[in-house]
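# Summary of structural features
Residues per chain, in single letters:
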Amino acid sequence: MKRIVRVMAVAALALNLPGCEFYKLEELNRVDPTGTPFQKALAHNYHAHSAAEQKAYDWWSAVLYASKSLEAAYGHDVFPEEPAKWGIPAGVLPEMQKGREDLLAMLAGGVKDVKPQRAADAQTFFDCWIEQQDEGWQTEDIAFCREEFYRAMSELSPTAPVKKAARKPAPPPVAEKKEMPPAASIPSVAPEPVKEPM
């Protein structure tokens, strides 16, 4: 472990990152998340993203996710990234800004209490989309994070179609029973006389 920390410290100097930022990566492995189920889910998701970026030697992104993971793990509110503060292309920026507005509105509406894991998925994949779009070269990762964000949002949306209960079929019509007229009202017809053959 000490060797890993020394390697991280050397990398911090090379990248002009404060050494304390890299110690956050080590702290992640010791912290026991507290807080709400949503905050715990955020801590777990951001930790997973940080680990993936460490494997790719993307230390800036790894530290970003580690910082957000620790904030959530200690029970603090963590918000999605703001696209305007990143190097997002002008053609994509409006979509991301709209996505963030929708996400914040949905979180404020209480979905993080009803579906904490999927709400955390939506937020962390949104941040993943921003981070990958800012880098701009891993097109498959950009598409994956974007699609997973929208997938989680669709599952959280209150406008999802609700199946209506099937109506019971109407009973078949009952044939009306006709009453026979009284015998006095039926005209009597006398039989014609039978003619005898000549």
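Refer to the structure presented above.
Each chain carries its own residue numbering, running from 1 in the written order of its sequence. Local features in this predicted model are restricted to residues whose pLDDT is 70 or higher, and side-chain atom pairs enter the listing and the counts only when it is 80 or higher, whereas totals over whole chains, interfaces and linings include all residues. In computing side-chain properties, one takes all heavy atoms of the structure into account and sets aside hydrogens as well as water.

## Considering the pattern of salt bridges
Here is the rule we go by: In the sections that follow, a salt bridge refers to a side-chain nitrogen of Lys or Arg positioned within 4 Å of a carboxyl oxygen of Asp or Glu. Strands are runs of DSSP state E lasting at least 2 residues, helices are runs of H or I lasting at least 4, and numbering of each runs from the N terminus.
If you walk through the whole model with that rule in mind, you get eight salt bridges. A salt bridge links lysine 68 to aspartate 127, with the nearest nitrogen and oxygen atoms 2.6 Å apart. Of the two residues, lysine 68 sits in helix α4 (residues 59-73) while aspartate 127 sits in helix α7 (residues 116-135), which places them 59 residues apart along the sequence. A salt bridge links glutamate 155 to arginine 118, with the nearest nitrogen and oxygen atoms 2.8 Å apart. Here glutamate 155, found in helix α8 (residues 139-156), pairs with arginine 118, found in helix α7; they are 37 residues apart in sequence, far enough to count as distant. Through salt bridges with shared partners, a single network forms among Lys68, Glu81 and Asp127.

## A word on helix α3 (residues 37-55)
As a reminder, the rule being used: Given a helix with a known number of residues, its expected span is that number minus one, times 1.5 Å. Burial classes follow relative accessibility: with a 1.4 Å probe on protein chains only, a residue under 20% of its type's maximum area counts as buried, one over 50% as exposed, and anything between as partly exposed.
With 19 residues, α3 should cover 27 Å at 1.5 Å per step; its first-to-last C-alpha distance of 27 Å lies within 8% of that length. When α3 is considered as a whole, its buried residues turn out to be Phe38, Gln39, Ala41, Leu42, Ala43, Asn45, Tyr46, His49, Ser50 and Glu53. Tyrosine 57 sits one or two positions beyond α3 and adopts a positive phi of about 60°.

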